[in-house]
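Architecture and fold: a report
Here is how the chains run, residue by residue.
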Amino acid sequence: MSPSDPTDPFTAAPRPIMEVIEDSLPPIEVRLRPRAIDVVVTRVVADLGDEEHPMPALLAALARCADGAVAEVDRLRSTESALVVAYQSAATPAERRELLARQLRVGSRERRKSDGLPLLGWLAARLDQTGDLAALGRNLDLEAAQERFATAIADRIDEIEVAYHALTHLARQLDPVDALHVARDGGVLRLAVAHAEPSRPAPVRRAALLAAVALLHRLPARERLGHLGLDAARSVLAWSRGVGASRWVQIAALEIGVLVFPDEAFSLLAERLRARDPEDRDGPILRRNALRLLGAAARPSAPVIPIDGGAGDADDPGPPEEHAPDSAPRLSVPHVSAKASRAAAADPLAIALLTRDDPSEHVRQELVRQLLALGGAEALAVVAELAEGDASPRVRGHALRELSRYATDHVDAAPFAERAVRRTLSDAAPPLACRAALEAVRTLSAGPYAPLPHAAFVELLAAFASRPALAPDLSDEAAAVLRLLEVESRPVADHIRHTLVAAAAELLEGESVPVELPPDA
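Here's what I pulled together on the structure shown here. The structure displayed is predicted, hence computed values, not measured ones. (Residues numbered from 1 in each chain as written. Predicted model: local features only at pLDDT ≥ 70, side-chain atom pairs only at ≥ 80, totals over all residues. Heavy atoms only, no water.)

1. Describing the overall build of the protein
Within the protein, the regular secondary structure consists of 25 helices and 0 strands. Taken over 521 residues, the protein has a buried fraction of 45%. For the protein, contacts bridging at least 24 residues in sequence account for 64% of all contacts bridging at least 6. When the accessible surface of the protein is totalled, it reaches about 26100 Å², and 56% of it is carbon and sulfur. (Helix = DSSP H or I, 4+ residues; strand = E, 2+ residues; numbered from the N terminus. Buried < 20%, exposed > 50% of the residue type's maximum accessible area, 1.4 Å probe, protein only. Contact = heavy atoms within 4.5 Å. Areas by Shrake-Rupley, 256 points an atom, 1.4 Å probe, with all protein chains shown as cover.)

The structure is reproduced here in C-alpha cells:
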C-alpha cells in the first residue's frame with residue numbers, strides 16, 4: 001500500500017497518523033524514540049485533526065512540527081546563555097543560588113505543562129523541584145542547570161529528527177503533482193533551508209537537508225531552482241564546499257547542488273574529487289560520497305544533464321538530451337572550443353577515474369562499484385586492473401568479488417573477471433586477494449548462472465593448490481573449490497549434492513532425516 005493512500009486496503013478505514021509515521025521510520029528509531037514519536041504525532045493530530053488527510057498536508061504538518069521544535073531549541077539556547085551571563089555577573093553566592101532557584105521553578109512549570117497527564121505531570125515536577133531546591137545549598141550548581149538544558153535540547157532534537165525522517169520517507173513516494181503542491185504551498189523547502197543554517201545543531205541541519213533532497217528528487221529538474229530559491233541555492237553551494245558545514249551536512253548539500261544545478265553537476269563533483277588535502281580528515285568520506293552521487297547523476301533515472309550545446313552558440317547550453325554514459329565524449333578530447341570543453345567535463349567515466357590513484361582505499365572501493373554501474377569496456381578494464389594490481393589487498397578483493405558477481409548478469413564482463421582471477425592466482429598475491437579470487441571462481445564457474453565453463457580454472461587451481469609455500473588454509477580452500485567444480489561437472493554428483501543440501505536445510509542440531517539417492521549414484 002502506498003503511504004499516499006489514506007485508507008487501509010483491508011478495512012477501507014483511514015490509517016491513523018501514528019501508523020503512517022511509524023511505518024515511515026526505521027524500526028530501531030521506533031523502538032528508541034517512542035517519546036519523540038508521541039510528541040510529533042500529537043502535534044500533527046492537533047494541526048490536521050483525526051480525519052482523512054491528503055499526503056501534502058501531512059508533509060506540511062510535519063515540517064511545521066519540526067519548525068516548532070527548532071524554535072524551542074533556539075529559546076532554550078538563549079535562556080541558557082542568559083542564565084550563564086547572569087550567573088557569572090552575580091556578586092554573591094546568595095544571588096547565584098537565587099538565579100538557579102528561579103530557573104528551577106521555571107523549568108518545573110514547563111515540564112508540568114508538557115506532560116500528557118496534568119496531575120501526574122504536576123506531581124513529578126513538584127517532586128523534582130523540591131529535590132533540586134534542597135540540593136541548591138549542597139552540590140547543585142551551574143553545571144547541573146546546564147545539564148538540564150542539554151537534556152531538554154536533546155529531546156527537541158529527537159523530535160526534529162523524527163519529523164524530518166518521516167517527511168523524507170513520505171516525500172520519496174510522492175507523485176510529481178503532490179510534490180509540486182508540497183514545494184509551492186507547504187513551505188517545506190523554505191523551512192528545511194532555514195533549519196539548515198550554520199547556527200543549528202549538525203543533526204538538525206542534516207535531517208533538514210535530506211528532507212529537501214527527497215522532495216527535490218520528485219520535482220522536474222528545470223523547476224527545482226525556482227522552488228528552492230537563488231539565495232538558498234547559494235547557501236547550499238557554500239555548505240557543499242565546507243563553508244560552515246560538517247562532513248554529513250556537506251554531503252547532503254552537495255546532493256542538493258547536483259539536483260538543483262544539473263548542468264554543472266559533474267563540475268561540482270569533479271571539484272570535490274580533486275580536493276585531496278592531507279589535513280582534511282573528512283576528505284575520504286566526502287570523495288566517496290561524491291563518487292556515489294556521480295554514479296547516480298550518470299544513470300538514466302537521474303536528472304537529464306546536457307553534455308552538448310547542439311548547433312547553437314558555444315555559450316548556450318541548449319536543450320537537454322538523453323545520453324548513455326558510455327557514448328559520452330571523453331576528457332581526453334582536445335579542448336578546441338568551449339563547447340568541447342563542456343562536453344569533456346560532463347563525462348562521468350573520466351571524472352570517476354580521477355580517484356583511481358586516490359590515497360583512500362575506501363574511495364577506490366567505491367570507484368569499483370560506480371565503474372560497474374557505469375558499465376562499458378573501458379570501465380570494466382579499469383576494474384580488472386584494480387583487481388589485479390591495486391596496492392591495497394582489500395581493494396583487490398573487493399574488485400574481484402564485485403566484478404565476478406557483475407559477470408553473472410553481464411556476459412561481456414566475464415573475460416575481464418577471468419583475466420583478473422587468473423592473474424591473482426598465478427602471481428604471489430596477498431592472502432585476502434587469493435581468497436576473493438577463489439570465491440570468484442565459485443561465482444564464475446559453479447551454479448546455474450555461471451558465465452564460464454566448469455573446467456575454466458581447473459588447471460590453474462591445481463597448480464595454485466600444489467604450491468610449496470602456500471598457506472595450508474588457502475590450499476584446503478582451493479582443493480574444496482576443485483571438488484565443487486568436479487561435482488558441478490557431473491550431473492549425478494550435482495544432483496546428490498543438491499539433495500543433501502535441501503535435506504540438511506530443514507534440520508536442527510541432533511536431528512536426522514532419511515535421504516533417497518538416485519539409482520545411478
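2. Things to note about the side chain of Ser445
Topologically, Ser445 is positioned in helix H22 (residues 431-445). Take Ser445: its relative accessible area is 0%, and that puts it in the buried class. Among the polar contacts listed, one links the side chain of Ser445 to the backbone oxygen of Pro453, at a separation of 3.2 Å. Aside from chain neighbours lying at most four places away, what touches Ser445 is Ala450, Leu452, Pro453, His454, Ala456, Phe457 and Leu485. (Polar contact = N/O pair within 3.5 Å; in protein donor to acceptor, adjacent residues only side chain to side chain.)

3. Here's the deal with a nonpolar patch on the surface
Taken together, Leu500, Leu507, Val513, Val515 and Leu517 make up a surface patch of nonpolar side chains, about 360 Å² in accessible area. Tracing the backbone through its elements, the reader meets Leu517 in the segment after helix H25 (491-504). (Patch = residues over 30% accessible without salt bridge, like charges linked within 9 Å, V, L, I, M, F, W, Y side chains within 5 Å. Salt bridge = Lys/Arg side-chain N within 4 Å of Asp/Glu carboxyl O.)

4. Points about helix H12 (residues 230-240)
Of the positions making up H12, those classed as buried are Ala232, Ala233, Val236, Leu237, Trp239 and Ser240. Down the axis of H12, the smallest arc covering the buried residues is 160°, so these residues share one side. Away from its buried face by more than 90 degrees, H12 exposes Leu230, Asp231 and Arg234. Those residues of H12 that are buried are in contact with helix H9 (188-195), helix H10 (202-217), helix H11 (224-228), helix H13 (247-260) and helix H14 (265-274). In the stretch just after H12, Gly242 is the one whose phi turns positive, near 95°. (Arc of directions from axis to C-beta.)

5. Points about the pattern of salt bridges
Applying the stated criterion across every chain yields a total of 31 salt bridges. With a closest N to O distance of 3.2 Å, Glu271 and Arg241 form a salt bridge. Highlighted residues: Glu271 in helix H14 and Arg241 in the loop between H12 and H13, separated in sequence by 30 residues. The exposure class of Glu271 is partly exposed, given its relative accessible area of 40%. What makes Arg241 partly exposed here is its relative accessible area of 43%. The closest approach of N and O atoms between Glu366 and Arg369, which form a salt bridge, is 2.8 Å. Placement of the pair is Glu366 and Arg369 together in helix H18 (residues 361-374), with a separation of 3 residues, close to one helical turn.

These results come straight from atomic positions and should not be treated as a statement about function.
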